[in-house]
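# Residue-level structure breakdown
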Amino acid sequence: MGGGVKDKHGYPRPGMARAAWVNLNGVWDFAIDREAVWTAPEQVQWDRKIVVPFAPETKLSGVKETSFYRAVWYRREIEVPELVGRRLIVRFEGVDYAATVWVNGRLAGKHEGGYTPFRVDVTELLSGGGKDVLVVRAEDDPLDLTKPRGKQDWQLAPHSIWYPRTTGIWQTVWMEVVSETHLRYVRWTPVVERWEIGFETRLEGKRRADLRLHVKLDANGTVLSDDIYSVVGNEIHRRIALSDPGIDDSRNELLWSPGSPNLIRAHIQLVDTCGNVLDDVRSYTALRSISIQGDRFVLNGRPYPLQMVLDQGYYPDAGITAPDDNALRRDVELVKAMGFNGVRKHQKIEDPRYLYWADVLGLMVWEEMPSAYRFTRTSIERLTEEWKDVIRRDMSHPCIVAWVPFNESWGVPDLPEMPAQRHYVQALYHLTKTLDPSRPVVGNDGWESVATDIIGIHDYDDNPKRVRRRYGREDVAASLLKRERPGGRLLSLSETAHAGLPVMLTEFGGMAYSEDMEKTWGYTRCETAEEFANQYCELLAAVRSLSMLAGFCYTQFADTYQEANGLLYADRTPKFPLKQMALATRGPRTRLEQHMIAEWRERVMGQLE
């Protein structure tokens, strides 16, 4: 088995890399089971092919079937390597929604949750002949509103702010060989205040009493720690103390931030007393702290204004699957080139490769749970279980700086009137804080906050003067939660509890411009590219002038299907020059930049006249 560095999708789990793995993306046999009547592989009528990992609704899948259907089936042969004393694990990074896996006609495993990964140990089901058949069934009722589905439309054609559905496999499928005893996961928790890093892992497989764990950390060519731990029990928790460099200059060479995305490399080996290596894992972490102090968001002990853009992570021919790894990296690079220091990933749990590039290149991420749209016992259980898996999967990424379990009361539509719905939001807020105490949690972004660390406001007023008046008054902080109702909704259902928290415009703008405005829409419209650019500059200047705000998130990064309110077209072409966009986003920082933006604005105004 070879490493996957040449694969266009990249190593699928960059936070825990092993050498022996095979990517199973590519052409699979495929069948659509419209009414979900087939229950076993031998019943399936295989009548077409599909390119994994693209959903059958997309062009790149080769299927492009956008009608309603409840289940789909996949089949391919796998070539099994030599496994003496080892296990073969097949991994699925994302299958929407409920997956069942067979190997050689025998049940291998099941999983529920469209946005989280799962693994299947297939060792005992292999034929021993070198060729084995892997079959996957994915059931995904297009009309089911009780499952976390995000922006996937329940109508036949996309409408309003809802987009094409994603059915079945939509992220990488791969397999790896591991020893009988190996590491199940690796998690990191930086503690900058004590200049240490928390490390957590768990042993999987046969339990042995003679094991040691060797953990080595290094950064910029310098070894930070090199320790060996005795393995007692199956779970291992350690605090790895680092030498405190003391002065700020040396500290800054280790701290992670968007401007200096310093990473710490980790090499982890599980060995026995004879020196045999049972597991060999490469990972990474970073030193950085996130907190809320008063009404400010704080990074590494200092107030840090968030300048984010809302990103829904869709691609024209590939849906929510990136065409390749370069597309994910390019998106991160574009966000930074546009002047933003972060993204709010909206109604999507992003590919780990995106989070990897955000870690490497320095981009902060708010991670938001895709919504269900009914409040029932089933929806509560489904969303809660999947959200826990999301946090477990992604909590080691330094780029993630906030968790958002709910958006705009979706799935909890009667928060002001129903105590049970308020308890649900409060429960997920506290559950998230329990699983990860190191990051702020925005309980319900947009309005009707009942438990939160940041007041997120969605306000699509495109008039810069009104925005300044609304949020620029001296007494605005004291009266904001009582007076303002963007979208006709209360900002907070607990004014006293939320007074003094950081306030952010977490959705605003939404101005549309496209070459075909008849078939697209936005919250407001611009008739020309010049008008669009000028409106953006004026609105961002107004928002940046509001000292009460701890940050902002502009809607949105790129056009998404019928929504033409992106700063980029859907193919990621900028609607006006990136240099001017960046200056408008972050504000001019030198006299030369002030002169440049004034000169450009004068030229644009002349074109508008």
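Empty space within the largest pocket amounts to approximately 750 Å³. Every residue lining the largest pocket is counted, 26 residues in all, and those nearest its centre are P117, Y185, R187, R392 and R393. Residue assignment for the lining of the largest pocket shows that the elements contributing at least two residues are β5 (86-92), β9 (118-121), β13 (181-191), β19 (277-285) and α4 (377-394). Ranked by residues supplied to the lining of the largest pocket, first place goes to β13 with five residues.

Per the counting criterion, the structure on display carries 30 aromatic pairs. Summarising the aromatic geometry, the rings of Y536 and F576 are spaced 6.0 Å apart at their centres and angled 55° between planes, so their arrangement reads as tilted. In this pair, Y536 sits in helix α9 (residues 529-544) while F576 sits in the loop between β33 (549-555) and α10 (578-586), placing the two residues 40 residues apart along the sequence. The class of Y536 is buried, set by a relative accessible area of 0%. Its relative accessible area of 6% is what places F576 among the buried residues. One aromatic cluster is present, built from ring pairs that chain together F508, Y513, F532, Y536, F552, Y554 and F576. The aromatic ring of Y185 is capped on one face by R187, whose charged end is 3.9 Å from the ring centroid.

Moving on: unusual backbone geometry. Following D96, the chain continues into Y97 via a peptide bond in cis, with omega recorded as 15°. Within the fold, Y97 resides in the loop between β6 (95-96) and β7 (98-103). T555 connects to Q556 through a cis peptide bond whose omega is 5°. One can find Q556 in the loop between β33 and α10. Phi at W195 takes a positive value of approximately 55°, unusual for a residue other than glycine. Along the polypeptide, W195 turns up in the loop between β13 and β14 (196-205). Classification of W195 as buried rests on a relative accessible area of 2%. Although it is not a glycine, Q347 sits at a positive phi angle of roughly 60°. Within the secondary structure, Q347 sits in the loop between β24 (342-345) and α3 (352-361).

To continue, consider the sheet that holds strand β2 (residues 26-33). Strand order in the open sheet made by the six strands is β3-β2-β4-β10-β7-β8, with antiparallel pairing throughout. The open sheet has two free edges, formed respectively by β3 (48-52) and β8 (106-112), since each of these has just one partner strand. Neighbouring strand axes in the sheet, compared pairwise and without regard to direction, differ in orientation by 30° on average. Here β2 runs beside β3; their pairing, made up of five bridges, is antiparallel. Within β3, the position partnered with F30 by the bridge is R48.

Looking at where W256 falls in the secondary structure, it is placed in the loop between α1 (248-252) and β18 (264-272). We classify W256 as buried; its relative accessible area is 0%. Sequence-wise, W256 and G26 are 230 residues apart; in three dimensions their C-alpha atoms are separated by 36 Å.

For the rest of this paragraph, the subject is the packing of α4 against helix α5 (residues 419-435). Look at α4 against α5: their axes get within 11 Å of each other, and the N-to-C directions meet at 20°. Of the possible angle classes, the one that applies to α4 and α5 is roughly parallel. Taken as a pair, α4 and α5 cross one another with a handedness that is right-handed. Taken together, the residues of α5 that come into contact with α4 (itself represented by S379, I380, L383, T384, W387, K388 and I391) are Y424, L428, L431, T432 and L435.

Calculation rules
- Residues numbered from 1 in each chain as written.
- Predicted model: local features only at pLDDT ≥ 70, side-chain atom pairs only at ≥ 80, totals over all residues.
- Heavy atoms only, no water.
- 1 Å grid on protein atoms, 1.4 Å probe; cavity = no way out; pocket = protein on both sides within 12 Å on 5 of 7 lines; lining within 4 Å.
- Points joined across faces, edges and corners; volume = space filled by probe spheres on them.
- Helix = DSSP H or I, 4+ residues; strand = E, 2+ residues; numbered from the N terminus.
- Phe/Tyr/Trp six-rings, centres within 6.5 Å; stacked < 30°, edge-to-face > 60°.
- Buried < 20%, exposed > 50% of the residue type's maximum accessible area, 1.4 Å probe, protein only.
- Lys NZ or Arg CZ within 6 Å of the ring centre and 35° of its normal.
- Pairing = 2+ DSSP bridges.
- Axes fitted to C-alpha atoms, helices over the stretch in contact; angles between N-to-C directions.
- Parallel < 35°, antiparallel > 145°, perpendicular 65-115°, else oblique.
- Left-handed = near helix turned anticlockwise from the far one by under 90°.
- Contact = heavy atoms within 4.5 Å.

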